[in-house]
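These are the residues of each chain, in order.
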Amino acid sequence: MTPNPRALLVIGSGLKLYREYLVRSVAERAREAGLRLVLINNLKPTWQHEYFDDITVVNVFDHQVLLDTARELAAEYTVAGVLCWDEPLVMPAAELAAEFGVPGLSIPGVHGCRDKHSCRTRLTAAGLPQPGFHLAADFADARAAAGRIGYPVIVKPRALGASMGVSLARDEAELDAAYRVAHEASLVGDEPYRGGAIIEGFADGPEISVDGAVHKGEYLPMFVARKSTGMPPFFEETGHVVDSADPLLRDDELMGVLAEAHRVLGIENGITHTEVRLTARGPVIIEVNGRLGGDLIPFLGKTATGIDPGSVLFDVGTGQRPDVSHSRAGSAGIRFGYPEHDCVVHAVDVPADAPGLVTASPMVEPGTTLRLPPGGYIARHSFVVCRAADSETCVERLAHAASLVEVDAEEIAPPPAGTTLAMPAGLLDVDE
């Protein structure tokens, strides 16, 4: 009897603009290893045909359908690994990895990543520096929690990414508005985490993110991204810069906190994206995500350091210890373009050439409505990516390239108060 061909199962490809570079690297490694690359996706494939040997289209956000589909494919293939980099799908991917007996984040690990309340609870119990926090079910509960914790407080949904629905409240009047925004934002997320909001103390200090690999519980940092945010009291992520020479990669305190957090959460194998505030009392973990960073941060990391995140994904997904040493020196960054007002976008033109420009792209189609917080989120019309020998020059180049973006848009009135937050309908590509 002929044995089933060995295959790497990918749960969700992501969209081309944000994830093709990962898929390309995974496909190259799979071919070298003699593995077929099998995709379960929610959208009709286009660009994916170039990389995948077998594609099944189902509603991946119906997790039972996804699990059943994966089991049917496991009857045709010997599953050698399960890969996933899409936030809403990391839990079923972890369940499948456990069922098929291949490396994965672990189910407890994913619970700690997906559920921000669970993450806070477990890290606090382990003695790691954490702000005071409370999962509030209603306005009264939120007010009481903020009074105990002390203003200012952060108010956020229990399980969303990209700072969606997150805002700062300096007093009770601002708390009510912040609670409403977070609660309504949560309604677009996974059903188990809808409703209410987390109230937590404000960890003041610069915000960074660290993408790292985990192999058999060993935490291996890859690169640090310095984050820029805007539109206070909200925290819209406006850009990131990665520098191969960032001294934080050699900061023993930070690296120790990261390694301990991953141990406490029970994360075993995979890649994580951890957000940290550098406070006066030391690094405070804001959240740990069981996937690569969004916002093209892994692409910035590859450009700046030479680490190929797709290749690292392949290694940890197939049980190999990845090489995360830097093979390149320099800095790379991304700057997102936001409108000054709510608007309907008619056209976006991005520069084809500028000092250090790596790539630039519109992020919306003509006719897209963009709404700024609190009426919407991720209201981006474009991005530019630049590289340089150092971070300071990279930031200067990003500012120049962003100034060359031309947007034809018509200003519109904000939505009525209480309108549920929504993603831009014509968004070409976005990630968590």
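This section reports on the structure supplied with the text. Keep in mind that this is a model prediction, so the values were computed, not measured.

Okay, unusual backbone geometry next. Note that the residue after Tyr 151, namely Pro 152, is joined by a cis bond; omega there is 0 degrees. Cis geometry marks the peptide bond from Pro 232 to Pro 233, where omega comes out at 10 degrees. Relative to the elements of secondary structure, Pro 233 occurs in the loop between strand S10 (218-230) and strand S11 (236-243). One non-glycine residue, Lys 216, lies in the positive phi region at around 50 degrees. Tracing the chain through its elements places Lys 216 in the loop between strand S9 (207-215) and S10. Judged by its relative accessible area of 68%, Lys 216 falls in the exposed class. Even without glycine at this site, Asp 295 takes up a positive phi of about 55 degrees. Within the secondary structure, Asp 295 is located in the loop between strand S13 (282-289) and helix H9 (297-305).

Of all hydrophobic cores here, the largest spans 61 residues; its most connected members are Leu 37, Met 222 and Ile 271. A per-element tally of this core places helix H1 (residues 16-33) first, with seven residues. Leaving out residues up to four positions away in the same chain, Met 222 has contacts with Asp 211, Gly 212, Ala 213, Leu 249, Ile 271, Leu 292, Ile 307, Val 312, Val 324 and His 326. Grouped together as the second largest cluster of nonpolar side chains are 46 residues, Val 38, Cys 84, Val 102 and Ala 261 included.

Conventions we followed
Residues numbered from 1 in each chain as written. Predicted model: local features only at pLDDT ≥ 70, side-chain atom pairs only at ≥ 80, totals over all residues. Heavy atoms only, no water. Helix = DSSP H or I, 4+ residues; strand = E, 2+ residues; numbered from the N terminus. Buried < 20%, exposed > 50% of the residue type's maximum accessible area, 1.4 Å probe, protein only. Core = buried A, V, L, I, M, F, W, Y, C linked by side-chain atoms within 4.5 Å. Contact = heavy atoms within 4.5 Å.

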